[in-house]
Amino acid sequence: MLRNGDVLLTEGNTRAAALIKRITRSTWSHVSMYVGPLEEGPDPQCIVEADIAAGVRSIRLSELQGQNVRACCGPIGLNDAARDRLAQWS
């Protein structure tokens, strides 16, 4: 179950992702943050990420379908109220 502020690591498959993985010696090339539903509907935008071409944007969780993704606990020491403020600020 994802909570506001949780970090998502993604293993990308672009040329830029390959370069990042090689330089960092990691299987993960991209990071994003879960901020909860930003709109109504069955598939709301709920992730904030920085994209090389599109800049900082919100996307749907379903856009990560089929990719290798790891969810990490959000910033340690934040209570639910602080996580919600962090998500609203995004």
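Conventions we followed
- Residues numbered from 1 in each chain as written.
- Predicted model: local features only at pLDDT ≥ 70, side-chain atom pairs only at ≥ 80, totals over all residues.
- Heavy atoms only, no water.
- Helix = DSSP H or I, 4+ residues; strand = E, 2+ residues; numbered from the N terminus.
- Rg over C-alpha atoms; globule rule 2.2 N^0.38 Å.
- Buried < 20%, exposed > 50% of the residue type's maximum accessible area, 1.4 Å probe, protein only.
- Contact = heavy atoms within 4.5 Å.
- Salt bridge = Lys/Arg side-chain N within 4 Å of Asp/Glu carboxyl O.
- Polar contact = N/O pair within 3.5 Å; in protein donor to acceptor, adjacent residues only side chain to side chain.
- Pairing = 2+ DSSP bridges.
- Axes fitted to C-alpha atoms, helices over the stretch in contact; angles between N-to-C directions.

**A word on the overall build of the chain**
- When its secondary structure is counted, the chain shows 2 helices and 5 strands.
- For the chain, the α and β elements follow one another from N to C terminus as β-α-β-β-β-β-α.
- Scaling as 2.2 N^0.38, a compact globule of 90 residues should have a C-alpha radius of gyration of about 12 Å, and the chain matches this with 14 Å.
- Along the first, second and third principal axes, the C-alpha set of the chain runs to 35 × 30 × 25 Å.
- Relative to its 90 residues, the chain shows a buried fraction of 30%.
- Sequence separation of at least 24 residues holds for 44% of the intrachain contacts in the chain that already meet a minimum separation of 6.

**A few points about the pattern of salt bridges**
- A full pass over the atoms with the stated rule returns 5 salt bridges.
- Linking Arg 60 and Glu 39 is a salt bridge whose minimum nitrogen-to-oxygen distance equals 3.1 Å. Of this pair, Arg 60 sits in strand β4 (residues 55-60) while Glu 39 sits in the loop between β2 (30-34) and β3 (45-51), and the two are 21 residues apart along the sequence.
- When its relative accessible area of 26% is taken as the criterion, Arg 60 is described as partly exposed.
- For Glu 49, the salt bridge identified is with Arg 57, shortest N-O distance 2.6 Å.
- Take Glu 49: its relative accessible area is 8%, and that puts it in the buried class.
- A relative accessible area of 32% places Arg 57 in the partly exposed class.
- Salt bridges sharing common partners tie together Glu 49, Asp 51 and Arg 57.

**Notes on the environment of Asn 79**
- Inspection of the secondary structure puts Asn 79 in the loop between β5 (68-72) and α2 (80-89).
- A distance of 3.2 Å separates the side chain of Asn 79 from the backbone nitrogen of Ala 81, its partner in a polar contact.
- Of the polar contacts made by the side chain of Asn 79, one reaches the backbone nitrogen of Ala 82; its length is 2.8 Å.

**Focus on the side chain of Ser 32**
- Inspection of the secondary structure assignment puts Ser 32 in strand β2.
- Setting aside its immediate chain neighbours within four residues, Ser 32 contacts Asp 6, Val 7, Leu 8, Ile 47, Val 48 and Glu 49.

**With respect to the sheet that holds β5**
- The strand order across the open sheet built from 5 strands is β4-β3-β2-β1-β5, with neighbouring strands paired in antiparallel fashion. In the strand order of this sheet, the two ends are held by β4 and β5, each with one partner. Between one strand axis and the next, the sheet turns through 30° on average, direction left out of account.
- Across 5 bridges, strand β1 (residues 7-11) lies against β5 in antiparallel orientation. The partner of Leu 9 across the bridge, within β5, is Arg 70.

That is the geometry; function is a separate question.
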